[in-house]
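# Fold and contact review
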Amino acid sequence: MLIIKNLSKSYRTKSGRHYVFRNVSIEFPENSNIGILGRNGSGKSTLLRILGGIDYPDSGTISCDKTISWPLGLRGGFVKNISGRDNCQMICNLYGIERHAIKRKLEYIKEICGIGKYFDEPVKYYSSGMASRLGFSLSMAFDFDILLMDEITSVGDQDFRKKAKQMIEEKRGTTNIIFVSHSASTVREFCDVGIVIKKGELYYYEDIEKAISTYE
Amino acid sequence: MSHAWKTQKNVVFALYIRELKARFSHFRLGYIWAIAEPLAMVALLSIIRMALGKKDIAGISYPLFFATGIIPYYFFQTSVTQLLSVIESNMPLMNYRIVKPIDPVIAKIILEFLIYMGTGVLIVGGLVFLGFGFTWNNTLGLILVMACLISFTLGIGLITSVIGAFLHESKKIVPIIIRPFFFISGIFFPATMIPTIYRDKLLWNPLLHVSELTRRCIFEEFTVSHGNIMYLFFCSITSLGLGLCVYRVSRLKLSTSGNIR
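Remember, it's a predicted structure, so these values are computed and weren't measured experimentally. Note that residues are indexed from 1 along each chain, following the sequence as it is written. Each chain takes a letter, starting from A, and each ligand takes a number, starting from 1, following the order in which they are written. Two thresholds apply to this predicted model, a pLDDT of at least 70 for residue-level local features and 80 or more for giving and counting side-chain atom pairs, whereas whole-chain, interface and lining totals are computed over all residues. As a rule here, side-chain values come from all non-hydrogen atoms in the structure, and water together with hydrogens is ignored.

The next subject is the overall build of chain B. Per the convention used, a helix needs a DSSP run of H or I reaching at least four residues, while a strand needs a run of E reaching at least two, with both numbered from the N terminus. Along its length, chain B carries 11 helices and 2 strands. Shown N-terminal to C-terminal, the secondary structure of chain B runs as helices and strands in the order α-α-β-β-α-α-α-α-α-α-α-α-α. When we talk radius of gyration, it's over C-alpha atoms, and the globule rule is simply 2.2 Å times the number of residues to the 0.38. For 261 residues, the compact-globule formula gives about 18 Å, and the C-alpha radius of gyration of chain B, at 19 Å, lands near that figure. With respect to the principal axes defined by its C-alpha atoms, chain B has extents near 60 × 45 × 40 Å. Looking at chain B as a whole, 49% of its 261 residues qualify as buried. Contacts are assigned to residue pairs that have any heavy atoms within 4.5 Å of one another. At a minimum sequence separation of 6, the contacts of chain B that also span at least 24 residues come to 78%. Using a 1.4 Å probe, accessible areas were evaluated by the Shrake-Rupley method; residue-level cover was limited to the displayed protein chains. Accessible surface, chain B as shown: approximately 13,100 Å² in total, 72% of it carbon and sulfur. For chain B, the distance from the average site of its 23 positive side-chain charges to the average site of its 11 negative ones is 9 Å. Per-residue accessibility, obtained with a 1.4 Å probe over protein chains only, is compared with the maximum for each type, and a residue is labelled buried under 20%, exposed over 50%, and partly exposed between these values. For this count, His and the chain ends are skipped, Lys and Arg are scored as positive, and Asp and Glu as negative. Working definition for charges: the position is that of NZ of Lys, CZ of Arg, CG of Asp or CD of Glu.

Put into structure tokens, the structure is as follows:
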């Protein structure tokens, strides 16, 4: 169960304090893939970062009894001058995974991300699609309960998107996604319930179609 | 071990491995480069000293004297200046909630300390092998002095990490500020050789105490130490406290500064 209580978040701008969220509370439903819709700059990514524990609200609490992934997205969490393999190994080390398990995970990641020999090349030579393939595959190796995904860029091209969707389907029941987007069609593809961000408020819809129609 | 400690231990260890690879993978024979700089400095100072024709400094043969001053100082200098860019270079890893900005700082300090300790053992061992002798004095004292040096460096290092993350100019300014300490930290002369009126002022510098006390603990022959372990201890605790305060105040900004830039 993922619950947000009285969340407020603001940024200092040149023309004074800008509130992204003001005293927002919401309960995320269990066992469903959640699509979060909002216009550019509405606070989607901020929300995702807060859920991922890498940004901090001014006030309010987030409580969750499940494991949440890091936010997957374009920016990525990879060190540019070392290889994809070294990055994955380091991130496994960060999470304290045993050495023999790391070896298995690396094989698994290499297999599903499908970037071939680039796996052993420095990440700076990757295209953005390759980097997002690697990011998605890495998070798949970790068996999180909730996957945080930012935009469609986090799953690469059409081919890989299909594969990603299939993998998410397979893990339904154990892994759910929270998917942030400004595009209705991709949200429709991946999610069953919707949340619309509008003027710093969160509106929950049990039916994704309803969310989309309000959003549009 | 509690969960938080275990997590941090894993994170620091992973970052330590990363720093280790980054430091040594650029060049072939990377380990030799780590020794080369202090070794060259010891050789240079020794040659100058030799030309002046004197054999000992305060009862210690001069290469040993220089080596025991240079190595602790280089540990401090290298750590503090390299930490200026530690937040920037580890920014991608702030994407993982278990990584806190202080973790790469700790990893870096541990790595630099181990490198310079290894270098120190090799250089001093090599000199003994070449026939420069001394009588070992006080192991426990040396451990205490090194602990103070680490704590002092970590405190200052935390401050430079924060400054480096927010102020780009600091990457030029801080090394300039630190450089003069090479000449006033007792690396190539003991405090006893400084005229009394200046000595009292220079002894405010904790790094001078580090040099004096390191030699006092290693060499039984070095009997003229002006180092005061209580003063060094006080400085290291103050530095660490101050560093942790600065970190604590700015830690949220540090880990999210990548979002804003």
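Now that the structure has been shown, the text picks up again.
Let's shift gears to the sheet that holds strand 8 (residues 193–198) of chain A. All names here are of chain A. Being paired, for any two strands, means DSSP has found at least two bridges between them. Here we have 6 strands laid out as an open sheet, ordered 5-6-7-3-8-9, and mixed in their pairing. Looking along the sheet, the strands with just one partner apiece sit at the ends: strand 5 (68–72) and strand 9 (201–205). Sheet twist, expressed as the average angle between the axes of neighbouring strands with direction ignored, equals 15°. Across 4 bridges, the pairing between strand 3 (residues 34–37) and strand 7 (residues 176–181) is parallel. Residue pairing across strands places Ile 34 opposite Ile 178, the latter belonging to strand 7. Note on definitions: angles span 0 to 180 degrees between N-to-C directions of axes, and those axes are lines fitted to C-alpha atoms, for helices only across the stretch in contact.

We now examine the environment of Ile 54 of chain A. Inspection of the secondary structure puts Ile 54 of chain A in the loop between helix 1 (44–51) and strand 4 (59–64). Residues Ile 54 of chain A and Gly 114 of chain A, 60 residues apart in the sequence, show an inter-C-alpha distance of 29 Å. Discounting residues that sit within four places of it in the chain, Ile 54 of chain A has contacts with Arg 49 and Pro 71 of chain A together with Met 94, Asn 95, Tyr 96, Arg 97 and Thr 256 of chain B.

Here the focus is the packing of aromatic side chains. Residues and elements named next belong to chain B. When two rings of Phe, Tyr or Trp (its six-membered ring) have centres within 6.5 Å they constitute a pair, described as stacked for plane angles under 30 degrees, edge-to-face for angles over 60, and tilted for the intermediate range. Summed over the entire model, instances satisfying the criterion amount to 23 aromatic pairs over all chains. For the ring pair Phe 65 and Phe 222, a centre distance of 6.4 Å and an interplane angle of 55° mean the geometry is tilted. In this pair, Phe 65 is assigned in helix 3 (residues 62–82) and Phe 222 in the loop between helix 10 (206–218) and helix 11 (229–260), connecting sequence segments 157 residues apart. Comparing Phe 65 with Phe 222 shows no difference in burial state: the two are buried. With a centroid separation of 5.4 Å and 80° between ring planes, the pair formed by Phe 75 and Phe 113 is classed as edge-to-face. Taken as a pair, Phe 75 in helix 3 and Phe 113 in helix 5 (residues 102–129) lie far apart in primary sequence, 38 residues in all. For the residue pair Phe 75 and Phe 113, the accessibility class agrees, reading buried in each case. Cluster of aromatic residues (ring-pair linked, three or more members): Tyr 73, Tyr 74, Phe 182, Phe 183, Phe 188 and Phe 189.

Core analysis: the biggest nonpolar cluster contains 115 residues, and Leu 94, Phe 136 and Leu 138 of chain A together with Val 99 of chain B have the highest contact counts within it. Top element by residues in this core is helix 3 of chain B. It accounts for 12 residues. For this core, the two domains that each supply at least three residues are domain 1 (1–69 + 144–216) and domain 2 (78–143) of chain A. Setting aside chain neighbours within four positions, we find Leu 94 of chain A in contact with Asn 10, Val 11, Ala 14, Leu 15, Tyr 96, Ile 98 and Val 99 of chain B. Here, nonpolar core refers to any group of buried Ala, Val, Leu, Ile, Met, Phe, Trp, Tyr and Cys residues whose side-chain atoms link them within 4.5 Å. The domain limits used here are those given by an automatic or database domain assignment.

On to the pairing of strand 1 (residues 2–13) of chain A, then. When a strand is regular, its side chains alternate between the sheet's two faces. Residues and elements named next belong to chain A. Of the pairings in the sheet, the one linking strand 1 to strand 2 (residues 16–28) comprises 9 bridges and is antiparallel in character. In the strand pairing of strand 2, Leu 2 is matched with Phe 28. Counting the residues that bridge the hairpin from strand 1 to strand 2 gives 2 residues. Here 5 bridges tie strand 1 to strand 4, and the two strands are oriented antiparallel to one another. From the neighbouring strand, Lys 5 faces strand 4, where its bridge partner is Thr 61.

Below, the discussion takes up the domain arrangement of chain A. Residue and element names in this part refer to chain A. The domain boundaries assigned to chain A delineate domain 1 (1–69 + 144–216) and domain 2 (78–143). When each unit is reduced to the centre of its C-alpha atoms, the spacing between domain 1 and domain 2 is 25 Å. Facing 17 residues of domain 1, the contacting portion of domain 2 comprises 13 residues. Buried surface at the junction of domain 1 and domain 2, both sides included, amounts to about 1,200 Å², of which 65% is carbon and sulfur. Values labelled buried area give the accessible surface lost by two parts on being combined, using a 1.4 Å probe and summing over both. Broken down residue by residue, the surface that domain 1 buries against domain 2 is led by Phe 144, Phe 160 and Met 167, which jointly contribute 47%. The salt bridge criterion pairs a side-chain nitrogen of Lys or Arg with a carboxyl oxygen of Asp or Glu, the two atoms within 4 Å. At the junction of domain 1 with domain 2, the criterion picks out 1 salt bridge. The salt bridge partner of Lys 171 is Asp 143, with a shortest N-O separation of 3.0 Å. The term polar contact refers here to a pair of N or O atoms within 3.5 Å; inside protein, the definition further demands a hydrogen-donor-capable atom paired with an acceptor-capable atom, and it admits residues adjacent in sequence only when both atoms are side-chain atoms. Inspection of the domain 1/domain 2 interface yields 4 residue pairs in polar contact (both at pLDDT 80 or more).

Another aspect to go through is the side chain of Lys 9 of chain A. Residue and element names in this part refer to chain A. Along the chain, Lys 9 turns up in strand 1. Within polar-contact distance, the side chain of Lys 9 engages the side chain of Asp 55 at 3.2 Å. A polar side-chain atom of Lys 9 sits 2.8 Å from the main-chain carbonyl oxygen of Tyr 56. Apart from residues lying up to four places away in sequence, Lys 9 is in contact with His 18, Tyr 19, Val 20, Phe 21, Thr 46, Ile 50, Asp 55, Tyr 56, Pro 57 and Asp 58.

In a beta sheet, neighbouring strands are held together by backbone hydrogen bonds and run either parallel or antiparallel to one another. Residue and element names in this part refer to chain A. Strand order across the open sheet formed by 3 strands is 2-1-4, with antiparallel pairing between neighbours. In this open sheet, the two edge strands, each paired with only one partner strand, are strand 2 and strand 4. Going from strand to strand, the sheet's axes swing by 25° on average, the running direction of each strand aside. In the packing of helix 1 onto the sheet, the strands contacted are strand 1, strand 2 and strand 4, and the crossing angle to strand 1 comes to about 125°.

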